[in-house]
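Each chain, letter by letter, is given below.
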Amino acid sequence: MIARAGLALGAVAAVTAPWWVANPYHLHVLIMAGVFTILALSLNLLLGYTGQLSLGHAAFFGIGAYTSALLSLPPLQWSFWLALPAAALASGLAGWGIGRLALKLRGAYFVLVTISFAGVISLVSINWMELTNGPLGLPGVPPPSLGPWTLRTKSAYWYLVLATAALAYFVCHRLVGSRIGRAFVALRENEPLAESVGIDGTRYLVLAAVISAAMAGVGGSLYAHYTRFVSPEVFLFSYTVTMVIMVIAGGQGTLAGPVVGALLFTALPEALREAMAWQWQMLAYGVILIVCVFFLPRGIVPAIVATTRRTDRAAGGPPEMRSGSVGLFKKRRGSDSRS
Amino acid sequence: MDQLLQHLVNGLVLGGTYALLGIGLTLIFGLMSVVNFAHGEFYTLGAYAAFATLALAGLPFFVALLAAIAAGAALGALTERALLRPLRGHSIDTIMLVMIGVWIVMQNAELLAWGGVARSIPHPFPTAPLSLGPLNIAPLRLFVVVTAAVLIVLAWLAIQKTRLGTAMRATFQDRETAALMGVPIARIHTITFAFGSALAAAAGALLGPVFLAYPSMGDLASLKAFSVVILGGLGNFAGATLGGLLLGVAEELGAGYISSGYRDAVGFVAIILVLLFRPAGLFARAERIG
C-alpha cells in the first residue's frame, strides 16, 4: 500500500521534474541520479541477486561510454540510437568474457578478476593513443537526435534518462520474477541444492554477468552523450565504490533499494558539497559501508519495509513474511572451518 | 645481455618488497579467510611513517623502518580487534565489504592528513650507483633488497620456529582442533593480522624512498599483493616469496621489452592467467602455510 503510493508519487515527481526543478544544476544532479540508478540496478543484479560482487563495474560503464563515443564521432558518426545498443553489446560481451573466466571460481576470485579487468582496461584507455586519444579523452561526443530534434536541453535529456532508467527497472522486475531470477536467488542461497534440482550454476551466473554488464554499458552510453566527453576517468575506482555503496545501503536483492540508494547518494554529496570537501565525502562513504554491514545489513529499503510491516501487524494487518538471509549478508553455513 | 641482467636485478629489487607484501597478505588470507583489500593501505601507512620519521623528525633509516613496522602492527591489531573479531563466523563476502570500507576510510584519511601531493622520502644513501661489472645498482635499492630478504627470513623463522608460529600453523590447518588443543584462536587472529600488516608497512617504508609517497599508492600495492598471493597459492609462504620475485622480474621485463605504459598490467594479467589455468597457484602441492 505504502509502496504503491510511494511509487506513484515518485513517478509523478519524476515526470514533472523539469517544471519544479528551476535550477539547471539541480536538474543536472537529477540526470546523474538517473544514470546512477541504471548502474546501481545493474550491479544489484549481480551483487544482490546472485551474490557475486563485481568490483570492476566501472569497466563495463567505461566500455559502454567509449564504445558509444567512438561510434558516434567521426569517421563513423553513427546515430545515438545505434551507438547505444552497440555500447550495451560491447559491455555485455566483456561481461560474458569475464563471467566465463571468473565465475567458475566465484567469490573472492571473481572480485579479483573484475578488479584486474578494470585495471587492464583503464591502462589500455590511457595507453592506446590512436584509439582513445589517451589521457586527453574524446571531446565533442554529439548529443542524441530524434528526427528533427536534438536533445540538447537538460530537460529533454532528463526524459531520455528517466525512460531508460524506467526500462532498466522494468527489465530487472521481469527478470527477477522469472524462472531465471529465481535461479539466481537459488544459487545465492544454496548452490549445491540449486544444482541438485538441475540449475546450471555457471551458466546462470554468466548470464547475470552479461545482463548486468550490458546495462552498465547503457549507463555509460547515456553518460557519454550527456557530458559529451569521455576520458579514462570513467574507469575511476570511485565510480565502482559509489555503485557498491548505493546497492548495499539502499538494499541489495530488492528492486527499490538501488533506486533509493542511487537517489540518496547522488543528492547527498551535492547537499554536503558546501559543508565538506570531497575527501571527507569519500571517507564518509567508507564509514557508511562499514556501519551498514554492522547495523543495517539488509539496507535502507528492507529496514523501512520491516518497520511498516510491524506497524501493520500491530494494527491487525497480514502477518509478516520472514524472508531468509539476503545477498552477501548471510551467516556462514555449517561449521566455521574452511571448505 | 647486459640489459637483460640489469632488468633482472631491478626486478629482484622490486620483487623482494612484493614478496613482503604478498607474505603478509597470504597469511591473513590463508589463516583468517579475510580478503584484505586494505592491505595496500598498510603499505601506504608504512611509507608515510617513514616519511614522518625521516623527513620530519630527521631520524636514521632503521628507526623509520621500525616505526613503520610498529605503526602497521598497531593499526592492524586495532582493525582486527574492532572490526574483524565481531564479524567472525560471518561469510567471507561480508568481511570483504568491511575491508573495502576500511580501505576507503584509510586512503582518504591519508589524503586528508598528508595532502594529495606526492612526497619524496629522503634517505641517507649516496645516489651514485654502484657498478658491479656490467651491472649498476643504486645503494638504496641494494639496501632495500637486502633488508627485504632479512625480513622475509625473520618472518619465516617466526612462523617455523616459535611457539606462536606453531600455533599459527595449527590454526591454519584445522581451526577447531587447534582450539581444542588450547590455541587461543581469537588472539592468533589478532596477531596474524598485525603481523601481516606490519610486513606490508615494512614494504612501504622500503619502497617509499625508491619511488614517492602518495595517498593512492596502496591501490596498486594491494593488487600486486593479490597477484603475488594468487601466483603463489593461498597461505603458501614460500609460494608468496617466489611469486613476489617472479612478479617483480616480470614487470621489469614487461616494462623494458614491451611498453612501460603497461608495467602495471603485468600483475593484472598474471591474476587472470593463473586463475584461468592454475587456480591453486603456480607452486601448489596442497594448501599449506609455512
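Nothing here was measured: the structure is a model prediction, and the numbers come from that model.

The rules behind each value
- Residues numbered from 1 in each chain as written.
- Chains lettered and ligands numbered in written order.
- Predicted model: local features only at pLDDT ≥ 70, side-chain atom pairs only at ≥ 80, totals over all residues.
- Helix = DSSP H or I, 4+ residues; strand = E, 2+ residues; numbered from the N terminus.
- Rg over C-alpha atoms; globule rule 2.2 N^0.38 Å.
- Buried ≥ 20, exposed ≤ 12 C-beta atoms within 10 Å, placed from the backbone.
- Contact = placed C-beta atoms within 7 Å.
- Nonpolar A, V, L, I, M, F, W, Y, C, P; charged D, E, K, R; others polar.
- Axes fitted to C-alpha atoms, helices over the stretch in contact; angles between N-to-C directions.
- Parallel < 35°, antiparallel > 145°, perpendicular 65-115°, else oblique.
- pLDDT = per-residue confidence, 0-100.
- Core = buried A, V, L, I, M, F, W, Y, C linked by C-beta atoms within 7 Å.
- Left-handed = near helix turned anticlockwise from the far one by under 90°.
- Expected span 1.5 Å × (residues − 1).

### Quick notes on the overall build of chain B
Counting secondary structure elements, chain B contains 11 helices and 2 strands. Secondary structure of chain B in N-to-C order comes out as α-α-α-α-β-β-α-α-α-α-α-α-α. Taken against the 2.2 N^0.38 rule, which gives 19 Å for 290 residues, the C-alpha radius of gyration of chain B at 18 Å falls within 12% of a compact globule. If you line up chain B on its principal axes, its C-alpha atoms span 55 × 45 × 35 Å. Relative to its 290 residues, chain B shows a buried fraction of 55%. In chain B, once contacts between residues fewer than 6 apart in sequence are set aside, the share between residues at least 24 apart is 79%.

### A few points about the overall build of chain A
Looking only at helices and strands, chain A features 15 helices and 4 strands. Against the compact-globule benchmark of 20 Å for 339 residues, chain A has a radius of gyration of 20 Å, which places it among compact chains. The C-alpha extent of chain A, read off along each of the three principal axes, is 60 × 45 × 40 Å. In chain A, which comprises 339 residues, the share counted as buried stands at 47%. Within chain A, contacts between residues separated by at least 24 positions form 78% of all contacts whose residues are at least 6 apart in sequence.

### A word on the interface of chain B and chain A
Contact residues are listed per partner, giving 38 residues for chain B and 37 residues for chain A. Listed by contribution, the elements that provide at least two residues to the side of chain B that touches chain A are α4 (92-114), α7 (175-180), α9 (217-232) and α11 (265-277) of chain B. The leading source of residues in the side of chain B that touches chain A is α4(B), at 14 residues. By residue class, the composition of the side of chain B that touches chain A is 24 nonpolar, 9 polar and 5 charged.

### Comments concerning unusual backbone geometry
Here A:Pro74 and A:Pro75 are connected by a cis peptide whose omega angle stands at 5°. In this structure, A:Pro75 sits in the loop between α4 (57-72) and α5 (80-102). Its identity is not glycine, yet A:Asn133 carries a phi of approximately 65°, on the positive side. Structurally, A:Asn133 is set in the loop between α7 (129-132) and β1 (138-139). The class for A:Asn133 is partly exposed, based on 17 C-beta atoms found within 10 Å. With a phi angle near 55°, B:Ser33 is a residue other than glycine that sits in the positive phi range. With respect to the secondary-structure elements, B:Ser33 resides in the loop between α1 (2-32) and α2 (39-56). According to the C-beta neighbour criterion, B:Ser33 is buried, with 20 such atoms within 10 Å.

### Let's talk about the packing of helix α6 (residues 107-127) of chain A against α4(B)
One way to put it is that α6(A) packs onto α4(B) with a least axis distance of 9 Å and a crossing angle of 40°. Relative to α4(B), α6(A) is oriented oblique. Between α6(A) and α4(B), the contacting residues are A:Gly107, A:Ala108 and A:Val111 on the first element and B:Ile92, B:Asp93 and B:Met96 on the second.

### Some points on the confidence of the model for chain A
All names here are of chain A. Put simply, chain A has an average pLDDT of 84, and 91% of its residues get 70 or more. Looking over chain A, one finds the lowest element-wise mean pLDDT in helix α15 (residues 300-314), namely 77, and the highest in α4, namely 95. Between residues 316-339, whose pLDDT stays under 50, and residues either more than four places distant or in other chains, the model counts 41 contacts.

### Examining the confidence of the model for chain B
The pLDDT averaged across chain B works out to 88; a share of 97% of its residues lies at or above 70. Our summary of model confidence lists the complex with pTM equal to 0.84 and ipTM equal to 0.85.

### Observations regarding the nonpolar core
In this structure, B:Ala68, B:Met99, B:Ala201 and B:Ala202 are the most contacted members of the largest nonpolar core, which totals 200 residues. The element contributing the most residues to this core is helix α11 (residues 201-227) of chain A, with 17 residues. In contact with B:Met99, other than residues within four places in its own chain, are B:Val34, B:Val35, B:Asn36, B:Phe37 and B:Ala38.

### Thoughts on the environment of B:Gly15
All names here are of chain B. Mapped onto the elements of the fold, Gly15 is located in helix α1. Taking the C-alpha atoms as reference points, Gly15 and Val144, 129 residues apart in sequence, are found 10 Å from one another. Those residues in contact with Gly15, other than ones at most four positions away along the chain, are Gly244, Leu245, Leu246, Leu247, Gly248 and Val249.

### Details of the packing of α2(B) against α4(B)
All names here are of chain B. Two elements in contact, α2 and α4, have axes separated by 10 Å at closest approach and are oriented at 20°. In terms of their interaxial angle, α2 and α4 are classed as roughly parallel. Considering the relative orientation of α2 and α4, their crossing is left-handed. Here Glu41, Thr44 and Tyr48 of α2 lie close against α4, whose contacting residues are Trp103, Met106, Gln107, Glu110 and Trp114. Class assignment for the residues of the contact of α2 with α4 results in 4 nonpolar, 2 polar and 2 charged.

### Digging into the environment of B:Ser216
Relative to the elements of secondary structure, B:Ser216 occurs in the loop between α8 (185-207) and α9. Between the C-alpha atom of B:Ser216 and that of B:Val145, which follows or precedes it by 71 residues, the distance is 23 Å.

### Description of helix α10 (residues 237-257) of chain B
For α10(B), which comprises 21 residues, the first-to-last C-alpha distance of 30 Å matches the rise-based estimate of 30 Å (1.5 Å per residue) to within 8%. Among the 21 residues that make up α10(B), 16 are buried, leaving the element largely enclosed by the rest of the structure.

### Side note on the environment of B:Met168
Residues and elements named next belong to chain B. Its location among the elements puts Met168 in helix α6 (residues 163-173). Sequence separation between Met168 and Pro86 is 82 residues, and the spatial gap between their C-alpha atoms is 20 Å. With residues up to four places along the chain from it excluded, the contact list for Met168 reads Leu31, Ile159, Ile188 and Thr192.

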